[in-house]
Every structure is written in C-alpha cells, then in structure tokens.
Amino acid sequence: MTDLKLHLSKFLSFLLLSLNLCGYEPLMKANELIPVGVVLDLKSPVGRVAERYMSMALSDFYVLNHNYSTRLSLLTKDSGNDVIAATSAALDLMKKEEVQAIIGPQRSTHTRFVIELGRKAQVPIISFSATSPSLSPSQNKFFLRTAQDDSAQVKCIADIVKAFGWPEIALIYEDTEYGNSLIPHLMEALQVIDTRVLSRCVIPPSFKGKEIIKELNKLKERHIRIFLVHMTASLGSKLFALAKNAEMMSEGYAWMVTEGLSSLLDPMSSKVMDSMQGVLGIRPYLPPSKQLKDFERKWKRNLTSIQAKSRSTTSLNLFGLWAYDTIWALAMAVEKAGMHSSFFKQNVGGCKADLATLDIFENGTRLRNTIVNTKFEGLSGNFGLVNGQLEPSTFEVFNVIGKTEINIGYWTPQRGFFKDLKDTSEKAYSTSKDKLKPLIWPGHTIHQPPLSLKIGVPVKNGFEEFVKVKWISSTNDTTNVSGFSIDVFNAVLDALPFPLSPKFIPYANKQRQSNGTYDQLVYEIKTKKYDAVIGDITIIANRSTYVDFTLPYTESGVQMVVSVKHDERKSLWIFLKPLSLNLWLTTGVAFIFTGLVIWVLEHRVNTEFRGPPEQQIGLIFWFSFSTLAFAHREKVVNNWSRFVLVIWIFLVLILTQSYTASLTSILTVQRLQPTFIDVKEIKKNGYFVGYQKNSFVKELLIEQLDIYESMLKPYESSEEYHEALSKGTRNGGVAAIFDEIPYLKIFLANYPSKYTTVGPLYETDGFGFVFPQGSPFVPHMSRAILNVTQNRLKIQAIESKYFSSQLTCEDQNTGISPDSHSLGVDSFRGLFLIAGIASAASLLVCVFKLFYSYWPVLSDENPADSCWSKLVKMAKHFDQKDLSSHTFRGEESRVHAEVFEPSPGIDDIQNHSRNSIEGSYDVVIHDDNGSLSASSRHGDASMQDVPNSS
C-alpha cells in the first residue's frame, strides 16, 4: 500500500508537469507534494469526523490558493485504540514515507510516545485532540497543539460550581492519560472555592456495563447528587445511558460535563442525548462567520443518503473544526517555509534499531517555527498559537434539553459569566448564577437539585425544648423531629445560597432510647454514619479533634444550681443586714474616735464638756452617737470642733441614707439565698452532685473539679432535677446540680423561687452544628448562622415558640452570696478617710498648742522634775479651764469688779463654777502685778490659793 502511494505521488508530479507543457501554466507551480502523516482512530466518532473535515479542508484551501507551489499530501493511518499501533504508524510514516509533519495521534496516551519520535526525528507532531495538560508544548519543542489545553476550562468549571453554591461534588472520569491529567487541576480549583470532592470515581475504558453500574450504585448509596464527568465520547455515552437506568438522571441530581465530552455531543445518538436531559456543560465558543456557514452548508450537501440518516454527521463538531484549521495552518506554513518533498538527512549512528536509525528532518525546526507564527481567521475562530497551543478565549455554557443544547450564557477569564456577548456594559467579574439564563435540571424541573444530608439527632427524655423526636407509630420508623435546635437549623438552611435536603436520623437503639452519649453521637460522623449532627451539641475541645463545628447559635457555659434558704425577711436580725460586719465595726470605732476628739477639743473651753469622770465618759459616747439623729444638744465653741463636726455629720448623713435604702431593698425585693455558695464546701462535706445524663459535664466534674465519679448522679429532666434537689444529699438526692446555661434557664423558669445558680461560670463555646473535618458546609453554615442570630425578629420568634414563658438565668441570680446586698467598708472608704484625717489633724493641733504654751513654764519652775512628772502636771493642767478662752473672759471681768463686795448672787457663782468646798467659794483673780490672790465671801474664811476644779 505504501509503495502504491509513493508511485501515485510520482505519477501526480509527472501529470502536473505534462499539463504545464500543454499550456496549463497555473498548475505548473503546484509541483511539490509535501507528505504529511495522519494518525487517527478511524473507528471512533472523532476519528471519522476529523478525516472528512481534513479532506474538505485540503480541497477548500487549494481551491482558494491554487497558485501555491506546494501541496500537502495526507497519508492516513488507522491506529485504532492502541498506543502501540499509533506509535508504530508514526514510526512507519517517518521512516518509509519521510513525512515532514504528523497530525495526531488522536488520544493523549498515544501522543506521549509519538512526541518522543518527533523530537528525535525533528518532525513536528501536531494534535487537534490530545488536550491533556500533562502534554506541554513548552516542554516538547516539536509538539504543537492546535486545540485548547484541558486546564483552560478549570476556572470556568469552578465558577459554575461556585455560582450554584455546591459545597460538595463527585468527580467521574476515565482512567486514561486524558482523564487523569485534568483531575489535579480540578481539585486545586475546587479547593480554592471551598468545595469538597466527596468521591473520585475512576472508570477504565475497558469496563463493561455491569461494572459501571456497580460504581454508580456506590455513589447512589452515599447519597451523592452532584457529579462532574470528564470522559471521551465513547465512554461518556455509555455512562449516561447506564446512569439513566440507575435512576440517577431524575429529579434531585445534577450533572455537568467538561469540554471533551461537550464538544462531542453532536455526534452522539438520539438515545444517548435522551439520557442526558438536564445536563450542564461547557465548550469553547464558536464565533459565527460566513466561512463557517458556507462550510456547514457544504458539509450537509456532500453527505450521502446513508450518512444523512444519522444525526451524528449532520452537525458541526469542534474537534473536526480544529482539524480543519490545522490543515489550513500547516498548508500555509509549508508554503511560507518553502518546503520541498525530501529534506531528510541519513542518521549515521552505529545502532541499527528502528528508533535509533530515524532520519532527521533538517527543516523541522523551520517548519515548526513557521506554524507557530501562522495566524488567520479559521472556522473555529482566530487561529494563533501561544506557547505552542491555542489560547483559551470564550466558553459557552449550555443545557441539554430535548435533542439539542440550549445556550444559557458565556464565560471569559476577564468577565466571568454574562448572558449576551453583545453586552459590554458590565466590566466587573461575576460568578453569580443570575448572569446565566434559567435552565432545566434532570427530571425536567426548574428547581436546583438540593444536596442530601444524613443528619443524626440525639434522642432525649428531658429538655425536649431543644430536640424532640417523636415516632409516628409503634410499628413505623417514621419520625417527626422538632425543637429549638431544629428550627434554628431550618432557618439556617433558608439562608444558605444553595438548597439542602436534610434527612433526620434519630440516634436510637431498637427500644427507641438514646444509643449512647453525645460524644459517641458526634464520633459517628467520623465513622461516616452521618453527614452531620444537629441538636444541642456543645462545642468543646476534645470533639474538635475529629469533627468541625460551625459558629455557635446560642450561648453556653456550665454553672452550679442549688436550693435556696428560707426568706431572710423573716429573720430576727434583719435590721443588721444592710451593712456588713466590717462596716458596722468601722462605724462604731469612728463614732467613739470622733466623740473622743470633740471632748478633747472642748474640755478646757466649754463648761458643757466638764464634770465628773463618769459624766465625761458618757458624754463622749452620747455626743457622737446622738449625731445619727442630729439630737445632740451640747454646743461646741472651738472652731476645730466645728470643722470636725461638719465632716462627721456629712459622713453620718451618707451612712444613714445608704442604710435606709439597703434595708428598704431587703424588705421589699425577694432575695434567694443559696444553701451552698462554693463547690469546695460540697466536696469537703462529701455531698452528692447531679449532672445531665449523656452530657460532657460528667467529664468536666471529674477532670476539672476533681469530684469522684462515685459522688455523681445522672438525671434527664427538669422534674428529676427538682426531685433530687428537694430531697437533699441526706435523703437520696444531691446538694447541687451542674449543667449548661440553656438547660438551667429552663429549669429555673419552671422553679423560679426554689433554686438559684451560684459559683463561677465554666466557659464553653455554646451549641453548634457538627460536620466532618474539612467539610465545605462549615463556612456556609457559619455565615448563615450569623445572618439568623443577628436577625433579632427571626431568632426571637423561634425562642418565643419554645421559651416564651421562661425567664433568663440572669434574672435568677439575685442574691448569689449572703453579703451580695450588704454595704461594705469599700463603699465608704473615702468618707472615713476624710473624716479620720480631719479629726486627727484637729487633735494634733490642740495637743501642740497645749504643749507649746505650758511646757516651757513647767521646765522653768521645776527644772529638776522628771519627764513623767512634767507629763502628769501637763495632764492636770489640761483638766483645768482655759481662762484665756473667750468663753471665760466675760466671767473674769465680773470677778474683778465685785472682789470685796458681798454679793447676794453667790449661788449663781456656785452653779457656774460647780466648785463647792464646805460652803466656801474662792475666786482666783489676777492683781495688777500678775500674782494670784483670793477673797472670801464670808468673814470667817481665810484667804488661800486653791486651784479651781471643774
């Protein structure tokens, strides 16, 4: 066959020369036939279509360019679906036919080996269908790709997934070079948008129908609903037909296909198209042109009647158009490069093996560079190679409906999605699905398929306000799940950017009781029994090591609740409650100290502060305490006393007013006094402690509070809490119960006057929804939780549905400690400090003046006296009146005027001086010389110096 083609080529050259001699000058220039190899799988749809398109391309090109001196001679070899056959065909074309370029092979797996042959022989290998990203023209100089790299579509696919808000997706791809090479790029792009790949289903091309069905059923059993398919036409058509038989092309599913399969939808049979209803796909956009319309018209006209019966040959095919443009580009390059029929140099290497003795195409590099620089308007659009391959431009997003594909929008790397190519007003990048037209999903529905989740919920016998599981009947496993946590979850679902279909599965045993603790329920996510767990699940550290939590949707924290004492308003000593013991003692000391200071300041100058010792001691206490009711009658004459008294009365005023207000509060506001205020007291006495059954609180009590497990008792409901606390620890109950704030709110609301919370709050992060580690649902759920909880109307509506008649825990915390309503010293520390400084300063001034005036006199009169004797005399002097004071000056002047005259008013003098010595009253006066003298009002009394005493 090869020899025949070679002879035919020589015959054509001879024929052209003869025609030229006969006068056909235009044909004289077309005397160089350039052999070009073509390696295709002629049994595949792509191979058959590509062969016809290239034949038409060759004819169309030389009709328009009849004056070219070169003409391509296509030598086609059928490789089948065999890499060895493809490599052998390429090797045969290089060695025997001495082709100057090879178009193909068709598949990426085959192309990898042929590229090495091309590199060795320096023959350009041009592929219009080997789109695997692993085949890089930048790494293989003699490999050119006149198609788009598969990785060019990855960003568009990721934007579609993001637009529809799919947090999870399954990949189905064929186990070939073409299928495997794109997956790393897809995984990376999906990871950027927080979409989790639930499964990677690999289908080898050798799989039969039963094996494919088995793989599809595995996906179906896992309740996976969103699929991305990356396959060639032959395997993809088989997959969708089987998926329809498995009822996976019905409502609730979503399918998307990549460019490789999308570009081959036209050649598929009507049966396959029927099984792909609702499929979403992308493919490179084909810009309309007159040349394309003419070609399509010619393509349909040239079909035989047999071919016309098959729809697979009537529509345009993208790979075929790329093959068409490849012929045009190669034909232009051959002409520009001035190629001739034979430019091979014999390899003179010593090895005689076929691969080692390949001849080298001397002008291979020139031809390769010329192809790279060739640019023109082709059927598939602008033809121009960038880095050895077609540059990606616009992608078309379509929806399979009926027997055709309906365009729903476009995508470009610069703008993202948009509906109309002519609309250039919006320049901002968009990934919104609103930029796409409405589409029909599998099952002929316009509603986006919801994601299905198996959700575990706890089974509780108490606190059903949060989660309540009710079985419809005793023989039916159908359940009705409700509660605060469930309603919050449903509100969060409404706030998600994508639909979600939850299936609530109670965590129960055969007896329909709880199947374990909350920790065991959460761990079932790791075992993949559930996709999520919803309920009153607390976010704690040890659980986060194997699951992920959303943001909390309610507050939390663990606290102790105890019984309250009897009403303190009935106490005999209720009047002492307003002030703390420390304040009572401080106030008493202040009273005594202030009374003492006033007495010291007034004793020498004020007759009302003189008298017998017992009277003076009583006066010290009476004066200061009488200021409480402002009932003191004694006048103060010393300015320092008045200064002290003003500050003291202000202090007393504040104290009395505060006392009155505190006592009023105690008598009018109900106070709940706890029986215990600290867990240490409970541990010391060995009392029992309760907790909620199956809760993590048990571990908290054992590990953090060091309470022995034998001292713990589990309970399930508010009623059991009440019963246990009412009995007390001595009657089979408990002294206290530890639980989380949301539960305690409910408990205290049911029994508002019998129990109260005490002690510190052990912080937790609240209730959250639980998902597997790395789940893409977590960020979506967390954002939706914020939207719900920050909408006060919405969250309050849910709360009022379950907690409408209940109070908050904070309302129950009045009177946590016995002295929480008693005023302390700290509240009046400033006032006491000011009063104390004023009193001390006044006292020091008084003492200083006394010493300053009399101590020198004592030292002069009796210099030999000891210091102690002087202090005793100083004390006696202090006990005497200060006659120099203005309060005694008027009296002194009267005594001088009447010193030797009998006076009938001797009784008045007696009462004033309060000094009686056997009826004799002596008045000490100063004579003009300053000496002391005395006179008696009675003739028989002797004159003598007698000191006055008060």
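Our subject in this report is the structure included herewith. (Residues numbered from 1 in each chain as written. Predicted model: local features only at pLDDT ≥ 70, side-chain atom pairs only at ≥ 80, totals over all residues. Heavy atoms only, no water.)

Let us now look at the overall build of the chain. When its secondary structure is counted, the chain shows 29 helices and 33 strands. Pairs at least 24 residues apart make up 72% of the contacts formed inside the chain by residues separated by at least 6 positions. Taken as a whole, the chain presents about 46,000 Å² of accessible surface, with 55% of it coming from carbon and sulfur. (Helix = DSSP H or I, 4+ residues; strand = E, 2+ residues; numbered from the N terminus. Contact = heavy atoms within 4.5 Å. Areas by Shrake-Rupley, 256 points an atom, 1.4 Å probe, with all protein chains shown as cover.)

Time to look at the sheet that holds strand β16 (residues 389-390). Adjacent strands of a sheet pair through backbone hydrogen bonds, lying either parallel or antiparallel. The strand order β2-β1-β3-β4-β5-β16-β15 describes an open sheet built from 7 strands, whose pairing is mixed. Every other strand in the sheet has two partners, leaving β2 (70-78) and β15 (385-386) as the edge strands with one partner each. One ladder, built from 2 bridges, connects strand β3 (residues 102-103) with strand β4 (residues 125-127); its direction is parallel. The partner of Ile103 across the bridge, within β4, is Ile126. Contacting β4, β5 (143-148) and β15, helix α14 (residues 364-372) runs over the sheet at an angle of about 20 degrees to β5. (Pairing = 2+ DSSP bridges. Axes fitted to C-alpha atoms, helices over the stretch in contact; angles between N-to-C directions.)

In this structure, the second largest pocket encloses a volume near 620 Å³. Residue lining of the second largest pocket: 29 residues in total, with Asn81, Arg107, Glu174, Thr232 and Ser234 positioned closest to the centre. Elements with a contribution of two residues or more to the lining of the second largest pocket: α2 (45-64), α4 (108-121), α6 (177-192) and α8 (233-245). For the lining of the second largest pocket, the leading source of residues is α8, giving 4 residues. Taken together, the residues that form the lining of the second largest pocket break down as 11 nonpolar, 12 polar and 6 charged. (1 Å grid on protein atoms, 1.4 Å probe; cavity = no way out; pocket = protein on both sides within 12 Å on 5 of 7 lines; lining within 4 Å. Points joined across faces, edges and corners; volume = space filled by probe spheres on them. Nonpolar A, V, L, I, M, F, W, Y, C, P; charged D, E, K, R; others polar.)

A few words now on the environment of Val597. For Val597, the position within the fold is in helix α17 (residues 581-602). Judged by its relative accessible area of 1%, Val597 is buried. Along the sequence, Val597 and Ile620 sit 23 residues apart, while their C-alpha atoms lie 8.7 Å from each other. (Buried < 20%, exposed > 50% of the residue type's maximum accessible area, 1.4 Å probe, protein only.)

Turning our attention to empty space enclosed by the protein. If you roll a probe as big as a water molecule over the atoms, it shows you where there is empty space left. For the coordinates displayed, the defined rule picks out 5 cavities of 30 Å³ or more. Its volume calculated, the largest cavity comes out at about 100 Å³. Taken together, Val459, Lys460, Asn461, Gly462, Ser514, Tyr518, Gln692, Lys693, Asn694 and Glu716 make up the lining of the largest cavity. A breakdown of the residues in the lining of the largest cavity according to their chemical character gives 2 nonpolar, 5 polar and 3 charged.

With that out of the way, let us pick up helix α15 (residues 484-495). Given 3.6 residues to a turn, an α-helix orients residues that are three or four positions apart in the same direction. Between its first and last C-alpha atoms α15 spans 17 Å; for 12 residues at 1.5 Å apiece the expected length is 16 Å, and the two agree. Within α15, 9 of the 12 residues are buried, leaving the element largely enclosed by the surrounding structure. Three or more residues of α15 are buried, namely Phe484, Ser485, Ile486, Asp487, Val488, Phe489, Ala491, Val492 and Leu493. Tucked into the core, α15 has its buried residues touching β20 (451-458), β22 (479-482), β23 (500-507), α24 (777-789) and α25 (792-803). (Expected span 1.5 Å × (residues − 1).)

Helices that pack against each other are described as a pair by the angle of their axes relative to one another and the distance between those axes. Where α15 contacts α25, the axes come no closer than 10 Å and their chain directions differ by 160 degrees. Considering the angle they form, α15 stands roughly antiparallel to α25. The handedness of the crossing between α15 and α25 is right-handed. Here Phe484, Asp487, Val488 and Ala491 of α15 come into contact with α25, specifically with Lys794, Ile795, Ile798, Glu799, Lys801, Tyr802 and Phe803. (Parallel < 35°, antiparallel > 145°, perpendicular 65-115°, else oblique. Left-handed = near helix turned anticlockwise from the far one by under 90°.)

Okay, the sheet that holds strand β30 (residues 755-762) next. Judged by pairing direction, the sheet is mixed, and its 5 strands sit side by side in the order β28-β27-β29-β26-β30 without closing on themselves. Looking at which strands have only one partner, the edges of the open sheet turn out to be β28 (712-715) and β30. On average, adjacent strands in this sheet sit at an angle of 30 degrees to one another, irrespective of strand direction. Bridging between strand β27 (residues 689-692) and β28 involves 4 bridges; their strand directions are parallel. Across the sheet, Gly690 pairs through a bridge with Lys713, a residue of β28. Lying over the sheet, helix α22 (residues 718-727) contacts β26 (558-563), β27, β28, β29 (736-740) and β30, oriented at roughly 155 degrees with respect to β29.

Turning our eyes to something else, we now look at the environment of Lys460. Turning to its location among the elements, Lys460 is positioned in the loop between β20 and β21 (468-471). The class of Lys460 is buried, set by a relative accessible area of 9%. Among the polar contacts listed, one links the side chain of Lys460 to the side chain of Tyr518, at a separation of 3.1 Å. At 3.1 Å, the side chain of Lys460 forms a polar contact with the side chain of Gln692. (Polar contact = N/O pair within 3.5 Å; in protein donor to acceptor, adjacent residues only side chain to side chain.)

Taken as a whole and assessed by the stated rule, the structure comprises 24 salt bridges. With a shortest N-O distance of 3.0 Å, Lys460 and Asp536 are connected by a salt bridge. Taken together, the residues Lys460 in the loop between β20 and β21 and Asp536 in the loop between β24 (532-533) and β25 (547-549) connect sequence positions 76 residues apart. Between Arg829 and Asp826 there is a salt bridge, with its nearest N and O atoms 3.8 Å apart. (Salt bridge = Lys/Arg side-chain N within 4 Å of Asp/Glu carboxyl O.)

Tracing the sequence through the fold places Lys454 in strand β20. This buried residue, Lys454, is left without a salt bridge; Asp531 holds the nearest opposite charge, at 5.1 Å. With residues up to four places along the chain from it excluded, the contact list for Lys454 reads His223, Lys503, Ile505, Lys528, Lys529, Tyr530, Asp531 and Ala532. (Lys, Arg positive; Asp, Glu negative; His and termini not counted.)

Moving on, we get to helix α13 (residues 318-337). For α13, which comprises 20 residues, the first-to-last C-alpha distance of 28 Å matches the rise-based estimate of 28 Å (1.5 Å per residue) to within 8%. Across the 20 residues of α13, 18 count as buried, placing the element largely inside the fold. Its side-chain oxygen at 3.0 Å from the backbone nitrogen of Phe319, Asn317 defines the N-terminal cap of α13. The positive-phi residue at the C-terminal boundary of α13 is Gly338, with phi of around 65 degrees.

A separate point is unusual backbone geometry. Note the cis peptide between Gly104 and Pro105, where omega equals -10 degrees. On the secondary structure map, Pro105 appears in the loop between β3 and α4. Here the phi dihedral of Asn694 falls at roughly 70 degrees; this positive angle occurs in a residue that is not glycine. Tracing the sequence through the fold places Asn694 in the loop between β27 and α21 (697-703).

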